[in-house]
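Fold and geometry: a report
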Amino acid sequence: MSGIINRPGLFAAMGPAFTSAFGNVDVTLTIDDEVQPNTARGILRQSREIDLMPESFTSVEGMTHTLSLSASDADGLQQDRDSVTIEAVTYAVRAVADDGRAMVIVALTGDI
C-alpha cells in the first residue's frame, strides 16, 4: 500500500480526526524493516466468529483482530512484510485494506 490512491481533499483530515476521537491504542509501525519514528493512534477491534463444520458438526471458533489507522499514518504499509507493535508486543500484518477515503484497515496475526 504505497499511496496509490488519490484522496479528495475533503477526506484529508478525517483519518486523524477519527483516530483521535475513537482511538484506543498507540502503535509503532515497522515498514520495510524500518521502525517509524512516530507512534500512530489506532482503533483496535476484536471480533469473534463461531461456525459449525458440516462434516462433524463441531464448533469452530476464531478471533480476528483489526486495526484501523489514518491512511496518512500507514503510507507504505504492506501485508506479509511489515509489522505493528502494540504495548511492546509485535504483530505481523496479515492484510491491508484501504477504504479509499481516510482510513486503512489492517488485519493482524497473533493473539492480542
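Please refer to the structure higher up on the page.
The present account deals with the structure reproduced in this document. (Residues numbered from 1 in each chain as written. Predicted model: local features only at pLDDT ≥ 70, side-chain atom pairs only at ≥ 80, totals over all residues. Heavy atoms only, no water.)

A separate point is the overall build of the protein. Along its length, the protein carries one helix and seven strands. Overall, the protein is about 50 × 30 × 25 Å in size when its C-alpha atoms are taken along their principal axes. Evaluated residue by residue, the protein yields a buried proportion of 31% over its 112 residues. Here the contacts in the protein between residues at least 6 apart in sequence split such that 52% fall between residues at least 24 apart. Accessible surface, the protein: about 6900 Å² in total, of which carbon and sulfur atoms supply 51%. Looking at the protein, you have 7 positive and 16 negative side-chain charges, and the mean spots of the two groups are 7 Å apart. (Helix = DSSP H or I, 4+ residues; strand = E, 2+ residues; numbered from the N terminus. Buried < 20%, exposed > 50% of the residue type's maximum accessible area, 1.4 Å probe, protein only. Contact = heavy atoms within 4.5 Å. Areas by Shrake-Rupley, 256 points an atom, 1.4 Å probe, with all protein chains shown as cover. Lys, Arg positive; Asp, Glu negative; His and termini not counted. Charge placed at Lys NZ, Arg CZ, Asp CG, Glu CD.)

Looking now at the pattern of salt bridges. This model, assessed by the stated rule, comprises four salt bridges. Among the ionic pairs, Arg81 bridges to Asp32, the shortest N-O distance being 3.8 Å. Residue Arg81 is located in the loop between β4 (59–70) and β5 (83–86), and its partner Asp32 is located in the loop between β1 (25–31) and β2 (34–35); the two are separated by 49 residues in the primary sequence. A salt bridge links Asp82 to Arg81, with the nearest nitrogen and oxygen atoms 2.8 Å apart. Exposure remark for Arg81: the relative accessible area of 33% places this residue in the partly exposed category. (Salt bridge = Lys/Arg side-chain N within 4 Å of Asp/Glu carboxyl O.)

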